Protein chains: 2
Amino acid sequence: MNERELWQRYREHLCVRPDLGMWLDISRMRFADDYLSSMSAAMAAALEAMRRLEAGEKANIDEGRMVGHYWLRAPELAPSEELRTQIRRGIEEVKAFARDVHTGQIRPQRGEGFYAVIVVGIGGSALGPQLVADALGGADDVMVVRFVDNTDPDGMDRVLTELEEALDGTLTVVVSKSGGTLETRNGMMELAAAYRHAGLNFAQHAVAVTQEGSILHQKATHEGWLRMLPMWDFVGGRTSVTSAVGLLPAALQGVDVEEFLAGARACDAATREREVARNPAALLALMWHYAGAGRGRRNMVVLPYRDRLALFSRYLQQLVMESLGKARDRAGREVHQGLTVYGNKGTTDQHAFVQQLQEGPDDFFATFIQVLHDRDGESVSVEDDVTSGDYLTSFLYGTRDALYRAGRDSITLTLERLNAQSLGALIALYERAVGLYAELINVNAYHQPGVEVGKHAAREAIALQRAAFAALRALGGGAATAEQIAAAMGRPEAVEAVFHVLEHAAQNPEHGVQRLPADSPCDVQFRIP
Amino acid sequence: MNERELWQRYREHLCVRPDLGMWLDISRMRFADDYLSSMSAAMAAALEAMRRLEAGEKANIDEGRMVGHYWLRAPELAPSEELRTQIRRGIEEVKAFARDVHTGQIRPQRGEGFYAVIVVGIGGSALGPQLVADALGGADDVMVVRFVDNTDPDGMDRVLTELEEALDGTLTVVVSKSGGTLETRNGMMELAAAYRHAGLNFAQHAVAVTQEGSILHQKATHEGWLRMLPMWDFVGGRTSVTSAVGLLPAALQGVDVEEFLAGARACDAATREREVARNPAALLALMWHYAGAGRGRRNMVVLPYRDRLALFSRYLQQLVMESLGKARDRAGREVHQGLTVYGNKGTTDQHAFVQQLQEGPDDFFATFIQVLHDRDGESVSVEDDVTSGDYLTSFLYGTRDALYRAGRDSITLTLERLNAQSLGALIALYERAVGLYAELINVNAYHQPGVEVGKHAAREAIALQRAAFAALRALGGGAATAEQIAAAMGRPEAVEAVFHVLEHAAQNPEHGVQRLPADSPCDVQFRIP
């Protein structure tokens, strides 16, 4: 198509939502003229399925659960008075707690008030809050927010080193829906030890966000933590950012959580729209379907041209890949569905991997995210009548055009401004798009059976470690190879796992394991003197 | 294969390099028994090509340049005395400059000394330094390091807000090989304005890292900046981390750059090894070739189980995708080669996208990166005789096993410790693997013709912006649609580009453009009163 024809296509397909301060341009996706109409019945069914989901149908069929993240920003839509009350009370509790911390009504054991917060959580309990913190926060935040989102000892030390002089003014928020996530449990125990080491009582600095009755809930109750805030069965981790999981860190940091919820709520309303041309989430889902032939055959490259949105593609990796990456569809057929997401930010990525997008395999489609408003305050000129922000825009559209000419497709999503409201809308947009796309390909977007496999294997590895140490200690200071130890454990087949456990133990002091080199690396001997 | 057979396969293929404190395990890649021998002639040729490249052959044939990043850590290998001297002098200059800044020999205009540094650069001039800063730095750094790696006005404001009270003690390092990178130029101009605004003379706080004679070099000379450090024609941006580009920020931060160089140097020596089984870079390149059938048909998912290496996959995205993502091979055939890289860190990603790896399409291979040493100091127990680090290891091997059982391949790279030396080795390992793989698929790994396309398009867009403003001003306050303005410019076909320029301008105050809404979004009118 030439430039005039592209302008016509742009005009024809542009989806403008002034209510969200958002536009979606799908003109650079090369779908045929009849594509949208060919998909209209399937999309109508998907929109109807989403309506039933929002009405309280148990949409997560495998786990027999309702899917209620949309109610979090419109409690009146929840299917029972009890749920409506719980949700409204949850929001009020978050706001009241943050206000009380900010005003000094709630104080730490020592000192005047809290000025920093460490959020301990992983996956859905960390990525949303991290995105919000990075997208909306800065040096002027009411409280400094840091995250422990892994069971990496060095990573925890790094956070603790930064805050070690400040622990007496640091609040720790432990986030785990089930309360049993091991990485989070470990982070909590390491932090509790650090507070103890500083002569502080952890409970007087701790808040839990968890389901009522969970192990974490019991522990926090027993120890008398500052507060417990609710998570619910009907909210999945990757869609929990508009629950206390996301709202509490945001409110503590100083974000206007009502604005954030209002943005998500407005986008939910807009994306219930049955007229597909006016529904940006439906158009996104259709474009993903078009690009990957409904099989995820092209990677989704997400390029926000705004530093503050650099975590957004990582957030989408979770939301999209964990929701859509499924071995079986809802009919039980083996489908191995998925939709791979990667990207960081523009223009920066233009100097990194865009070379491959421009010249390499036709294995992706791009999503450009533009923010029209450059900054608060005026810009300096970097050339006569040209600002840094003009260049940012020019690089975006330059790259979009260059990719198009190279035969590579792209979507462009434009936000007027980036703020709490539009971030809420952006997140809700993708939540809805994922839900609709999952309907198109008939997978359950709300469970994650594959995650359990790795957890189970890790538990087995920990049990194996205990057995290996016991076998080694039984040698009374004698040395043995992994082969010999595995045999002594009565698990000769587990020799490689034993080897990995002992190689790790030998590089760390806690278990007293020593390593005696050998000619062949797999024949090293280990001992506990 | 059962566990015993896997242990045999593990033993057979394990590549242990005690000289690097590194092992490479390829046992979970399902190549056939004769695969390595079938590739031995091709790999021998690749190793020979790398020998010629290191000897000074113009390996970047399209641009007629030598490829000399390996000389940066072994100057004696450079092909002329002049180069050897330049490289040695460059390292000494970096160390001397950092020492003089640390001791206060070099001081800012006001105040006692510099305690913060802003690095302005993009792509190869930022990602390497960012990786080093994150992997090796922390709260105890000698100087705080921040980056401006984009032309995002809001992103620059964020860095400046954090340091605004500290600009009088902040050094700015502007990094651009050519000196003409527009994003970097813009960042430099915005920072210079901020220093001026604080009543400071930018030149007394500025250092340039650039090629002699570049525009940046001329400007720095003319204005009397604190120092100019060299970049060379024979070092590409994405392999510049062992030049002043990476060494200067690292040295200022307090990293031992000699250790970093020593690690890279040792890895270079190890990966010149002709015996493939002992050469981890050759094995990596072969595994990439195997996984993607020499066509990049599977994505490379990089999962370091260490928070400090979370940027490593982003670093590799650039190194791998910019090097290998090429439309044509060296024989001029259209090949559209590439190798997609993504990932963040484990275990965290297990709670994000590993669900899709476990159950979704067979479109990737994983690279696990393990660090055996957990932390400085001892760990608390999170269960009886179990540490957080034991869990980290268990999750890694648990996920590796679960993926294997699901029919998904993986590589595991183990480092004894993460420090300046092993980080240098890790970077050098992947540089060499990329070089070898490029030989296997016969592409030039050292140019980036696709990057120019976006730049060129952006320059055109800036020119168009000027013309659009001129046309709008010529209306003397009158309003017109994008269609009308494009027609008035004599460029009716450019209407969409004009529309984007004006929509952006209307949301920002600098150009005085106003927007008058219309019924149809593409028919809005613009004016400059």
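Since the model is a prediction, treat every value here as computed from it, not as a measurement.

A. Fine view of the overall build of chain A. Each helix and strand counted, chain A has 18 helices and 14 strands in total. A globule of 529 residues ought to have a C-alpha radius of gyration of about 24 Å, and chain A, at 26 Å, matches this closely. Referenced to the eigenvectors of the C-alpha coordinate spread, the extents of chain A come out at roughly 85 × 60 × 55 Å. Here chain A holds 529 residues, and the buried ones make up 64% of them. Contacts in chain A between residues at least 24 apart in sequence constitute 72% of all its contacts with a sequence separation of at least 6. In the form shown here, chain A has an accessible surface area of approximately 17600 Å², with 47% of it arising from carbon and sulfur atoms.

B. Examining the side chain of serine 176 of chain A more closely. Residues and elements named next belong to chain A. Looking at the element boundaries, serine 176 is found in the loop between strand E5 (170-175) and helix H7 (182-197). With relative accessibility at 2%, the residue serine 176 sits in the buried group. Sequence-distant contacts of serine 176, defined by excluding residues within four places in its chain, comprise Ser125, Thr181, Thr184, Val209, Thr210, Gln211 and Leu216.

C. Representation of the nonpolar core within the structure. If you look at the biggest cluster of nonpolar residues, it comprises 266 residues, and the most contacted ones within it are Trp288 of chain A together with Trp288 of chain B. With residues up to four places along the chain from it excluded, the contact list for tryptophan 288 of chain B reads Met300, Val320, Leu339, Phe365, Ile411, Tyr430, Ala433, Val434 and Tyr437 of chain B.

D. Structural context of the sheet that holds strand E7 (residues 227-231) of chain A. Residues and elements named next belong to chain A. The parallel open sheet is built from 5 strands, whose spatial order is E4-E3-E5-E6-E7. Each of the sheet's edge strands pairs with one partner strand only, and the pair in question is strand E4 (144-148) and E7. Across this sheet, the average inter-strand angle for adjacent strands is 20 degrees, counted without regard to direction. Strand direction decides the pairing type here: E5 and strand E6 (residues 206-211), joined by 4 bridges, are parallel. Looking at the pairing, valine 173 lines up with valine 207 of E6. Across the face of the sheet, helix H4 (residues 81-103) comes into contact with E5, E6 and E7 while running at roughly 150 degrees to E7. Packing of helix H6 (residues 153-163) onto the sheet brings it into contact with strand E3 (116-120), E4 and E5, and relative to E4 it is tilted by some 155 degrees.

E. Structural view of the relation of the copies chain B and chain A. Screw-axis analysis of chain B against chain A gives a translation of 0.0 Å along the axis, an RMSD of 0.0 Å, and a rotation angle of 180 degrees. On this basis, the relationship between the two copies can be described by a two-fold rotation axis. In terms of C-alpha distance to the rotation axis, chain B has tyrosine 342 of chain B as its closest residue, with the C-alpha 3.1 Å off the axis. Of all interface residues in chain B, 100% are interface residues in chain A too; the two copies therefore contact each other through one and the same surface.

F. Molecular detail of the domain arrangement of chain A. One can read the domain layout of chain A as domain 1 (3-61 + 261-447), domain 2 (69-255) and domain 3 (450-527). The distance between the C-alpha centroids of domain 2 of chain A and domain 3 of chain A comes to 37 Å.

G. Representation of the environment of arginine 375 of chain A. Tracing the chain through its elements places arginine 375 of chain A in the loop between strand E10 (364-371) and helix H14 (388-405). Since its relative accessible area comes to 6%, arginine 375 of chain A is described here as buried. Sequence-wise, arginine 375 of chain A and glycine 111 of chain A are 264 residues apart; in three dimensions their C-alpha atoms are separated by 37 Å. If we skip the residues at most four places from it in the chain, arginine 375 of chain A touches Val380 of chain A together with Pro153, Asp154, Met156, Asp157, Glu190 and Asn508 of chain B. One polar contact links the side chain of arginine 375 of chain A to the main-chain carbonyl oxygen of proline 153 of chain B, over a distance of 3.2 Å.

H. Examining the sheet that holds strand E2 (residues 22-25) of chain A more closely. Residue and element names in this part refer to chain A. Spatial ordering of the open sheet is given by E1-E2-E11-E10-E8-E9, a layout of 6 strands whose pairing is mixed. The two strands at the open ends of the sheet, each matched to only one other strand, are strand E1 (15-17) and strand E9 (341-342). The sheet strands contacting H14 are E2, E10 and strand E11 (410-415), and the helix crosses E10 at an angle near 160 degrees.

I. Expanded view of the interface of chain B and chain A. At the junction of the two partners, chain B supplies 139 residues and chain A supplies 139 residues. Taking both sides of the interface into account, the surface hidden between chain B and chain A amounts to around 12800 Å²; carbon and sulfur atoms contribute 53%. Measuring nitrogen to oxygen at the nearest pair gives 2.7 Å for the salt bridge that ties arginine 400 of chain A to glutamate 496 of chain B. Linking chain B with chain A are 97 residue pairs in polar contact (both at pLDDT 80 or more). Looking at which element gives the most residues to the side of chain B that touches chain A, the answer is helix H16 (residues 449-473) of chain B, with 15 residues. Of the residues belonging to the side of chain B that touches chain A, the class tally is 46 nonpolar, 48 polar and 45 charged.

J. Just the packing of aromatic side chains, in detail. Tallied over the entire structure, the rule returns 37 aromatic pairs over all chains. Pairing phenylalanine 312 of chain A with tyrosine 430 of chain A gives two aromatic rings, centres 5.4 Å apart and planes at 80 degrees, and the pair type is edge-to-face. Here phenylalanine 312 of chain A, found in helix H12 (residues 312-324), pairs with tyrosine 430 of chain A, found in helix H15 (residues 420-441); they are 118 residues apart in sequence, far enough to count as distant. Pairwise contacts between aromatic rings join Trp288, Phe312, Tyr315, Tyr430 and Tyr437 of chain A into one cluster. Here the guanidinium or amino end of arginine 9 of chain B rests over the ring plane of phenylalanine 31 of chain B, the centre of that ring lying 4.4 Å away.

K. Seen up close, the pairing of E4 of chain A. Residues and elements named next belong to chain A. Sheet analysis places E3 next to E4, joined by 5 bridges and oriented parallel. Each residue of the ladder has a partner; that of valine 117, found in E4, is valine 145. In this fold, E3 hands off to helix H5 (residues 127-136), which returns the chain to E4; that crossover is right-handed.

L. Up close: the packing of helix H4 (residues 81-103) of chain B against helix H10 (residues 257-270) of chain B. Residue and element names in this part refer to chain B. Taken N-terminus to C-terminus, the directions of H4 and H10 make an angle of 150 degrees; their axes are 11 Å apart at the nearest point. Here H10 runs roughly antiparallel to H4, going by the angle between their axes. On H10, the residues touching Ile91, Glu92 and Lys95 of H4 are Val257, Glu258 and Leu261.

M. Looking closely at the pairing of E5 of chain A. Residues and elements named next belong to chain A. Counting buried positions along E5 yields 6 of 6 residues, so the element is predominantly enclosed. Of the two faces of E5, the one lined by Thr170, Thr172 and Val174 and the one lined by Leu171, Val173 and Val175 are each fully buried. Inspection of the sheet shows E3 paired to E5 by 5 bridges, in the parallel sense. The residue of E5 that forms the bridge with valine 120 is valine 174. Taken together, E5, H7 and E6 form a β-α-β motif whose crossover is right-handed.

N. View of the pattern of salt bridges. All names here are of chain A. Scanning the model with the defined rule gives 93 salt bridges over all chains in all. The closest approach of N and O atoms between arginine 330 and glutamate 439, which form a salt bridge, is 2.8 Å. Highlighted residues: arginine 330 in the loop between H12 and E9 and glutamate 439 in helix H15, separated in sequence by 109 residues. Taken together, the shared-partner salt bridges in this structure form one network comprising Glu54, Arg73, Asp268, Arg272, Glu431 and Arg432.

O. Molecular detail of helix H6 (residues 153-163) of chain B. Among the residues of H6 of chain B, those classed as buried are Pro153, Asp154, Gly155, Met156, Val159, Leu160 and Leu163 of chain B. Elements in contact with the buried residues of H6 of chain B: H14 of chain A together with strand E3 (116-120), strand E4 (144-148), strand E5 (170-175) and helix H7 (182-197) of chain B. At the N-terminal end of H6 of chain B, a side-chain oxygen is found 3.2 Å from the backbone nitrogen of aspartate 154 of chain B, two or three residues along, and the residue is aspartate 152 of chain B.

Thresholds, definitions, all that
Residues numbered from 1 in each chain as written. Chains lettered and ligands numbered in written order. Predicted model: local features only at pLDDT ≥ 70, side-chain atom pairs only at ≥ 80, totals over all residues. Heavy atoms only, no water. Helix = DSSP H or I, 4+ residues; strand = E, 2+ residues; numbered from the N terminus. Rg over C-alpha atoms; globule rule 2.2 N^0.38 Å. Buried < 20%, exposed > 50% of the residue type's maximum accessible area, 1.4 Å probe, protein only. Contact = heavy atoms within 4.5 Å. Areas by Shrake-Rupley, 256 points an atom, 1.4 Å probe, with all protein chains shown as cover. Core = buried A, V, L, I, M, F, W, Y, C linked by side-chain atoms within 4.5 Å. Pairing = 2+ DSSP bridges. Axes fitted to C-alpha atoms, helices over the stretch in contact; angles between N-to-C directions. Least-squares fit on C-alpha atoms with pLDDT ≥ 70 in both. Domains from an automatic or database assignment. Polar contact = N/O pair within 3.5 Å; in protein donor to acceptor, adjacent residues only side chain to side chain. Buried area = accessible area lost by both parts, 1.4 Å probe. Salt bridge = Lys/Arg side-chain N within 4 Å of Asp/Glu carboxyl O. Nonpolar A, V, L, I, M, F, W, Y, C, P; charged D, E, K, R; others polar. Phe/Tyr/Trp six-rings, centres within 6.5 Å; stacked < 30°, edge-to-face > 60°. Lys NZ or Arg CZ within 6 Å of the ring centre and 35° of its normal. Right-handed = clockwise from strand over helix to strand, strands pointing away. Parallel < 35°, antiparallel > 145°, perpendicular 65-115°, else oblique.

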